[in-house]
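Fold and geometry: a report
This is what each chain is made of:
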Amino acid sequence: MSLPAVKISGAAPPGAAKVLAFRTPRPGLWGSRIVPFLREAAVRAVPPTVVIALVVLVWELLCSRPGASLPPPSTVLNDTWELITDPFYDRGGIDKGLFWHMLASVQRVALGYALAAATGVALGTLVGQSVWAMRGLDPIFQVLRTVPPLAWLPLALAGFRDGSPSAIFVIFITAIWPIIINTAVGIRNIPQDYRNVAAVLRLNGLEFFWKIMVPSAAPYIFTGLRIGIGLSWLAIVAAEMLIGGVGIGFFIWDAWNSSLISDIIVALIYVGLVGFVLDRIVALIGALVTRGTAAA
Amino acid sequence: MTAYLKLDHIDKSFSRNGSTTKVLAGITLEIAQGEFVSIIGHSGCGKSTLLNIVAGLTPASEGGVLLENREVNSPGPDRAVVFQNHSLLPWLTVYDNVRLAVDKVFAGSKSRRERHAWTLHNLDLVQMTHAKDKRPAEISGGMKQRVGIARALAMEPKVLLLDEPFGALDALTRAHLQDSVMQIHAALGNTVLMITHDVDEAVLLSDRIVMMTNGPAAHIGEVLPIALPRPRRRLELVTNPAYLKARETVLKFLYERHRFVEAA
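So, here's what we can say about the structure. These numbers were taken from a predicted model, which means no experiment stands behind them. (Residues numbered from 1 in each chain as written. Chains lettered and ligands numbered in written order. Predicted model: local features only at pLDDT ≥ 70, side-chain atom pairs only at ≥ 80, totals over all residues. Heavy atoms only, no water.)

**Some details on the overall build of chain B**
Using the following cut-off: Only DSSP runs of H or I with at least four residues qualify as helices, and only runs of E with at least two residues qualify as strands; both kinds are numbered from the N terminus onward. Between the two quantities, the radius of gyration covers C-alpha atoms and the globule rule is 2.2 Å times the number of residues to the power 0.38. Partly exposed describes any residue whose relative accessible area lies between the buried limit of under 20% and the exposed limit of over 50%, with all areas from a 1.4 Å probe on protein chains only and scaled to the type maximum. Only the protein chains shown count as covering a residue, and every accessible area follows the Shrake-Rupley method with a 1.4 Å probe. Charged-residue counts in this description rest on Lys and Arg as positive and Asp and Glu as negative, His and the chain ends being excluded. Where a charge lies is defined by one atom per residue type: Lys uses NZ, Arg uses CZ, Asp uses CG and Glu uses CD.
Counting secondary structure elements, chain B contains eight helices and 10 strands. For 264 residues, the compact-globule formula gives about 18 Å, and the C-alpha radius of gyration of chain B, at 19 Å, lands near that figure. Seen through its C-alpha atoms, chain B measures out along the principal axes to roughly 55 × 50 × 40 Å. Each of the 264 residues in chain B was classed as buried or not, and the buried ones make up 51%. Of the roughly 12100 Å² of accessible surface on chain B, a fraction of 51% belongs to carbon and sulfur atoms. Between the averaged position of the 31 positive side-chain charges in chain B and that of its 28 negative side-chain charges there is a distance of 3 Å.

**Structural notes on the interface of chain B and chain A**
Accessible area lost upon the coming together of the parts is a frequently used measure of interface size. Convention followed: What makes two residues a contact is simply this: any of their non-hydrogen atoms within 4.5 Å. Here's the idea: put two parts together, see how much 1.4 Å probe accessible area each one loses, and the total over both is what we call buried area. Any carboxyl oxygen of Asp or Glu that lies within 4 Å of a side-chain nitrogen of Lys or Arg is treated as forming a salt bridge with it. Any residue outside Ala, Val, Leu, Ile, Met, Phe, Trp, Tyr, Cys, Pro, Asp, Glu, Lys and Arg is labelled polar, Gly included; the first ten of those are nonpolar and the last four are charged.
The interface of chain B with chain A comprises 26 residues on the first partner and 21 residues on the second. Taken together, both faces of the contact between chain B and chain A bury some 2000 Å²; the carbon and sulfur share is 69%. Note that E207 of chain A is salt-bridged to K104 of chain B, the shortest N-O span being 2.9 Å. Top element by residues in the side of chain B that touches chain A is helix α2 (residues 94–105) of chain B. It accounts for four residues. Class assignment of the residues belonging to the side of chain B that touches chain A gives a composition of 16 nonpolar, five polar and five charged.

**Considerations on the packing of helix α3 (residues 112–125) of chain B against helix α4 (residues 141–154) of chain B**
Residue and element names in this part refer to chain B. Definition in use: Lines fitted to C-alpha atoms define the axes, with helix axes restricted to the stretch in contact, and inter-axis angles between N-to-C directions lie between 0 and 180 degrees. Comment on the angle field: the value is read as roughly parallel under 35 degrees, roughly antiparallel over 145, roughly perpendicular from 65 to 115, and oblique elsewhere. Less than a right angle of anticlockwise turn of the near helix away from the far helix marks a crossing as left-handed, whereas a clockwise turn marks it as right-handed.
Between α3 and α4, the shortest axis-to-axis distance is 9 Å and the interhelical angle comes to 135 degrees. With respect to each other, α3 and α4 are oriented oblique. Handedness of the crossing formed by α3 with α4: right-handed. Two secondary-structure elements touch here, α3 through W118, N122, L123 and L125 and α4 through A150, L153 and A154. Residue composition of the contact of α3 with α4, by class: six nonpolar, one polar and no charged.

**Let's talk about the sheet that holds strand β7 (residues 159–163) of chain B**
Residues and elements named next belong to chain B. To keep things clear, this is the line we draw: Should DSSP find at least two bridges between two strands, the strands are taken to pair.
On the basis of which strands lie adjacent, the open sheet formed by six strands has the order β6-β7-β8-β3-β9-β10 and mixed pairing. In this open sheet, the two edge strands, each paired with only one partner strand, are β6 (79–82) and β10 (220–225). Looking at each pair of strands side by side, their axes are set apart by 20 degrees on average, direction ignored. One ladder, built from four bridges, connects β6 with β7; its direction is parallel. Its bridge partner being in β7, V82 is matched across the sheet by L162. Against the sheet, α4 touches β6 and β7, its axis set at about 175 degrees to β6.

**Description of empty space enclosed by the protein**
Residue and element names in this part refer to chain B. Put simply, the rule is: Computed over the protein atoms alone on a 1 Å grid, cavities are sets of points where a 1.4 Å probe fits but cannot get out and pockets are open sets with protein on both sides within 12 Å along at least five of seven lines; a residue lines them when it has an atom within 4 Å of a point. Grid points are joined across faces, edges and corners, and a volume is the space filled by probe spheres set on the points.
One pass over the structure, following the stated rule, counts two cavities of 30 Å³ or more. Taken as a whole, the second largest cavity holds about 60 Å³ of empty space. Around the second largest cavity sit F36, I149, L153, L160, L162, V181, I184, H185, N190 and V192, which together line it. Elements supplying a minimum of two residues to the lining of the second largest cavity: α4, β7 and α5 (171–188). The element that contributes the greatest number of residues to the lining of the second largest cavity is α5, accounting for three residues. Looking at side-chain class alone, the lining of the second largest cavity contains eight nonpolar, two polar and no charged residues.

**Some points on the pairing of strand β3 (residues 36–40) of chain B**
Residues and elements named next belong to chain B. Of all five residues that make up β3, five are buried, and the element is covered over most of its length. Of the two faces of β3, the one carrying F36, S38 and I40 and the one carrying V37 and I39 are both buried. Note: β3 against strand β8 (residues 191–196), five bridges, orientation parallel. Bridging across to β8, V37 finds its partner in L193. The pairing of β3 with strand β9 (residues 208–212) spans four bridges and is parallel. In the strand pairing of β9, I40 is matched with M211.

**Some details on the pairing of strand β2 (residues 19–31) of chain B**
Residue and element names in this part refer to chain B. Relative to β2, strand β1 (residues 5–16) runs antiparallel, the two being bridged by nine bridges. From the neighbouring strand, S13 faces β2, where its bridge partner is K22. Hairpin connection from β1 to β2: two residues lie between these consecutive antiparallel strands, with N17 at a positive phi of about 50 degrees.

**Looking at the pattern of salt bridges**
Under the criterion given, the structure shown has 22 salt bridges over all chains. Here R91 of chain A ties to D95 of chain A by a salt bridge, and the two come within 3.5 Å at their closest N and O atoms. Among the salt bridges present, the one from E164 of chain B reaches K47 of chain B, with a minimum N-O distance of 3.7 Å. Of the two residues, E164 of chain B sits in the loop between β7 and α5 while K47 of chain B sits in helix α1 (residues 47–55), which places them 117 residues apart along the sequence. Assigned by exposure class, E164 of chain B and K47 of chain B land together as buried.

Just geometry here; none of it tells us what the structure is for.
Structure representation (structure tokens):
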């Protein structure tokens, strides 16, 4: 029985946590629950804290010298305190808090990515299921998927004559390829056994799609979806730099034009954190949906 | 003997790169209702292909399959298959695997509650009710095969097709399952066609053993009726002369007259 080639790492339960927690069982709530919990939290939190502290220290030392071209963390914190503490301000136009810029970017990604997911799974199913469709479409996909996301932007601007739909289109066209390709591989790898079962039961096309295809290909589909969300988030910043308006990409570009280097650094940290959260959300959905799909 | 299931002059050839290999040549076999027939032969003789043709999963090149005098050439639940590798859907629980078949086959004829009861009844037949909420990955190979049998039985098939159902199991588990299959066959009177390469299994379970010659162009070499009375008990048969004679006949056929020649 064929196992999915790529497994979503988030699917594995964090077993290590429990092993530690039960190693020193002591009577009482304090001894049996809270102490191990604190110890576990410390074990997990200490290494990253130490590493971050070291990085910040080195950065501070390197950039505090006179003539340094980038600000040290202390300056960044000083310059951007208002930005960090009040992400919700709105003075009209593009002079808004980081929250609003992020929200605009996430909305664009959500829309473009949702379209890419729906279209990508449908096209991937077609390509995976029909040899004719594969022969016809696969060469086109293989060429188009290598086109860098931003190369689509001028064409999209020409077509839509507006910035926001163009950015959404760039997200769509960036995210769709890994979704199509992984879905097609997943569909093609449905074991013949499952197809035989479906044949003996005389499942119709729709039943086959929902009861065999989707669950069987789910690990592959979610691998594609997870690559797709990562690429979307990579593309949105670049696309927004070019289209302008509210959005984290233009915020960074605007900060550069105003020589607000500290703002750029804070924005980058935000972009990283939001990208991390998006990836985790898709991984979590994948883990929930593909629970039990690993071959028996 | 009236033919319930009839395999009528079945030929099967596979073509690849312009060259055609004949796998099966002129297989004709009549099976009566309630009969348990085993097909035995060396691996590669095309016995699994023959079962797939009866199941409708593979089309025959020539000839056909008649069930109650009607030709069948596509798969359907009237010829339920127990696959060698169980083929349970890993994302469904044991119950849901059987229920999927029940829901599909009895969608129009049984109510929800009846389908639930029928699913549990079939799991009970193979003694798997205790694990009904487990997934296939959480149960042993023998248990998976039991569920596979329950799923096939739940379709109320006219013919039950067993494709080396116990081939992947250890000897003790295999014996347990063989006993279960005998009990079920005695209770329900199914018509069964089983593929096997295990001589003891064939003699123990079958009313008739169909011995296939080696390929290419394999055909039926000999048909041996097993006249042992039922219920048969494994331990009593060990010294039974009729059993030993049948066993010897099959062994001689397989290892003297149609010895398997390694291709490699």
